[in-house]
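Topology and contacts: notes
Below, each chain spelled out in residue letters.
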Amino acid sequence: RKEQAQNILKQLKALSAERAGIIKTYEESNSKFPTLGLSSLDALFHFMVQKASTAGILFDLTLDDGIDQVMTENISESDASTLLADLIENALIAAHHGQHKKAVQVKLGVDTGIFYISVSDSGAPFPPEVLDRWGIERITTHTDTGGSGIGMMSIHELCQKYSASFEIEQIQDTSPYRKCVSIRFDGHGSFQVR
């Protein structure tokens, strides 16, 4: 019985330490984390930062001042949640599988009067077959981890709905990021790879 009691005490101490670590991580991430003031998007960002933290991925969120109003003038909150969830999820998967420092950066801002959403990650560049089939058919490079390509098709459909341009920039020298996906609400609805 004494041995059993010691094992239970050991398990309780381990659980207590784990809970303390979770609480500390939660407090640290919430104290530094910017918010939009839009509940569904703030909840999404909070969920994604926790998911990134659990996977050992650095997560950076940058929001321009007043971007909540600019965003809702360009896209519905519901569609923005879908778009951001798909973009961030893809970036987290890419960063997790990447060979470099694991990092994801999300920016919502305005550039030359145009609202944009950009998501950068430290994962490998998109393979040519993904770029060639974007918006034509579902394709994924991560079938082994449950990828289906539905997210990229959803992104394509939302870009069409809002005539937003989809841009991919393969980055060579901006550590730790290797690529950046941007959605620009410019009314052009173009697809560009740089």
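Presented here is an overview of the structure given in this document.

Rules behind the numbers
Residues numbered from 1 in each chain as written. Predicted model: local features only at pLDDT ≥ 70, side-chain atom pairs only at ≥ 80, totals over all residues. Heavy atoms only, no water. Helix = DSSP H or I, 4+ residues; strand = E, 2+ residues; numbered from the N terminus. Buried < 20%, exposed > 50% of the residue type's maximum accessible area, 1.4 Å probe, protein only. Contact = heavy atoms within 4.5 Å. Areas by Shrake-Rupley, 256 points an atom, 1.4 Å probe, with all protein chains shown as cover. Patch = residues over 30% accessible without salt bridge, like charges linked within 9 Å, V, L, I, M, F, W, Y side chains within 5 Å. Salt bridge = Lys/Arg side-chain N within 4 Å of Asp/Glu carboxyl O. Pairing = 2+ DSSP bridges. Axes fitted to C-alpha atoms, helices over the stretch in contact; angles between N-to-C directions. Expected span 1.5 Å × (residues − 1). Arc of directions from axis to C-beta.

A closer look at the overall build of the protein chain
The secondary structure content of the protein chain amounts to six helices and six strands. Listing each helix as α and each strand as β along the protein chain from the N terminus yields α-α-β-α-α-β-β-α-α-β-β-β. In the protein chain, buried positions account for 40% of the 194 residues. Sequence-distant contacts in the protein chain: of pairs separated by 6 or more residues, those separated by 24 or more amount to 65%. Accessible surface computed for the protein chain: about 11100 Å², of which carbon and sulfur atoms make up 50%.

Overview of a nonpolar patch on the surface
On the surface, a cluster of nonpolar side chains totalling about 290 Å² of accessible area is made up of Ile-8, Leu-12 and Leu-15. Topologically, Leu-12 is positioned in helix α1 (residues 2–32).

Quick word on the sheet that holds strand β5 (residues 179–184)
Ordered in space as β1-β2-β3-β5-β4-β6, the six strands form an open sheet in which the pairing is mixed. Single-partner strands in this sheet number two, and they are β1 (58–63) and β6 (191–193). Between one strand and the next, the sheet's axes are offset by a mean angle of 10 degrees, whatever the strand orientation. In this structure, β1 lies alongside strand β2 (residues 103–111), joined through six bridges in parallel fashion. Bridging across to β2, Leu-63 finds its partner in Leu-108. Docked against the sheet, helix α2 (residues 39–54) engages β1 and β2, running at close to 155 degrees with respect to β1.

A look at unusual backbone geometry
Positioned with a positive phi, Thr-112 is a non-glycine residue whose angle comes to about 45 degrees. By the element assignment, Thr-112 lies in the loop between β2 and β3 (114–121). You will see that Ser-163, though not glycine, has its phi angle at about 50 degrees, which is positive. The topology assignment puts Ser-163 in the loop between α6 (150–162) and β4 (165–170). By relative accessible area, Ser-163 is classed as partly exposed at 33%.

Comments concerning α2
Here α2 contains 16 residues, and its C-alpha end-to-end distance of 22 Å stays within 8% of the 22 Å for a straight helix at 1.5 Å per residue. Those residues of α2 not exposed but buried are Leu-41, Asp-42, Leu-44, Phe-45, Met-48, Val-49 and Ala-52. On an axial view of α2, the arc spanned by its buried residues comes to 155 degrees, and they lie on one face. Residues of α2 that are exposed and point more than 90 degrees away from the buried face comprise Ser-39 and Thr-54.

Side note on the pattern of salt bridges
One pass over the structure, following the stated rule, counts five salt bridges. The partner of Glu-89 in a salt bridge is Lys-51, with the nearest N and O atoms 2.7 Å apart. Taken together, the positions of Glu-89 in helix α4 (residues 77–97) and Lys-51 in helix α2 put the pair 38 residues apart, joining distant regions of the chain. Accessibility expressed as a relative area gives 24% for Glu-89, which makes it partly exposed. Between Glu-167 and Arg-184 there is a salt bridge whose closest N-O contact spans 3.9 Å. Here the residue Glu-167 occupies a position in strand β4, and Arg-184 occupies one in strand β5, the gap between them amounting to 17 residues. Both residues of the pair, Glu-167 and Arg-184, count as buried. One network of salt bridges, with partners in common, ties together Asp-111, Glu-167 and Arg-184.

So yeah, pure geometry; function would need other evidence.
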